[in-house]
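# Structure assessment
Chain by chain, the residues:
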Amino acid sequence: MLTLFSIPKPFCGHIGVIQTNALQSWLKLAPRCEIILFGNEEGIAETAVRFGVKHVPDITCNEYGTPLLNDAFERAQAMASHRLACYINSDIILTSDFSRSVAIAARFKNTFLMVGQRRDAELDHALDFTQSDWQERLRQHVQRHGRLRPPDWIDYFVFSKGLYPRGPPF
């Protein structure tokens, strides 16, 4: 149904914990998503192997070494096994609500773009995804400690494959 792709930061320290939590949440989505991680930062290759996701180490960067999103968008769409693709920041935890929303959008319109607002909540530990109530516990934590960000804080873009065939270097 959906191919998720991201350009993680190095998988070390606190950001490593955050990104690992996010990646594990993506793997819990149903139906199962294809996941592609772009970049050669520390720990990306090992994390991709550990969780059985695709890894593309080379990505075009600007003169400052910043990866270009247009390269990831073009290559992910070419590699994607599914008709829907989603660029997502690598620190965003997803729950089953996300899958349901994507399914509704896909039934409503064949070609579309879906973005979403986020809540920030500090998590300084690895989540236990073996617990059947991990989503409910996370929702409670976010309700108590989370901060709703303005609508322009967009951290994912779900779109019909081919909607963005080529983009400017960004």
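Preceding block: the structure.
What counts, and where the lines are drawn
Residues numbered from 1 in each chain as written. Predicted model: local features only at pLDDT ≥ 70, side-chain atom pairs only at ≥ 80, totals over all residues. Heavy atoms only, no water. Buried < 20%, exposed > 50% of the residue type's maximum accessible area, 1.4 Å probe, protein only. Helix = DSSP H or I, 4+ residues; strand = E, 2+ residues; numbered from the N terminus. Contact = heavy atoms within 4.5 Å. Core = buried A, V, L, I, M, F, W, Y, C linked by side-chain atoms within 4.5 Å. Pairing = 2+ DSSP bridges. Axes fitted to C-alpha atoms, helices over the stretch in contact; angles between N-to-C directions.

Three or more residues of helix H3 (residues 69-79) are buried, namely Asn-70, Asp-71, Ala-72, Phe-73, Glu-74, Ala-76 and Gln-77. Taken together, the buried residues of H3 touch strand E1 (2-6), strand E2 (34-38), strand E4 (84-88) and strand E8 (156-160).

In globular proteins that are soluble, nonpolar side chains generally tend to be buried together. Formed by 28 residues in total, the largest nonpolar core has its most connected members in Leu-4, Trp-26, Phe-98 and Val-158. Counting residues per element, the ones that place at least two in this core are E1, helix H1 (13-27), E2, helix H2 (44-51), E4, helix H4 (96-108) and E8. For Trp-26, the contacting residues outside a window of four places in its chain are Leu-4, Ser-6, Ile-35, Leu-37, Ile-88, Asn-89, Ser-90, Ile-92 and Leu-94.

Moving on, we come to the environment of Ile-36. Topologically, Ile-36 is positioned in strand E2. Counting along the chain gives 56 residues from Ile-36 to Ile-92, while the straight-line C-alpha distance between them is 15 Å. Apart from residues lying up to four places away in sequence, Ile-36 is in contact with Thr-3, Leu-4, Phe-5, Ser-6, Lys-54, Val-56, Ala-76 and Met-79.

All right, on to the sheet that holds E8 then. Pairing is mixed in the open sheet, where six strands are placed in the order E3-E2-E1-E4-E8-E5. Each edge of the open sheet is held by one strand with a lone partner, namely strand E3 (54-56) and strand E5 (113-115). On average, each strand axis in the sheet is inclined to that of its neighbour by 20°, with strand direction left out of account. Bridge analysis of E1 against E4 gives four bridges, and the strand direction is parallel. Within the sheet, the bridge partner assigned to Leu-2 lies in E4 and is Leu-84. Running over the sheet, H3 touches E1, E2, E3, E4 and E8 and is turned about 145° from E2.

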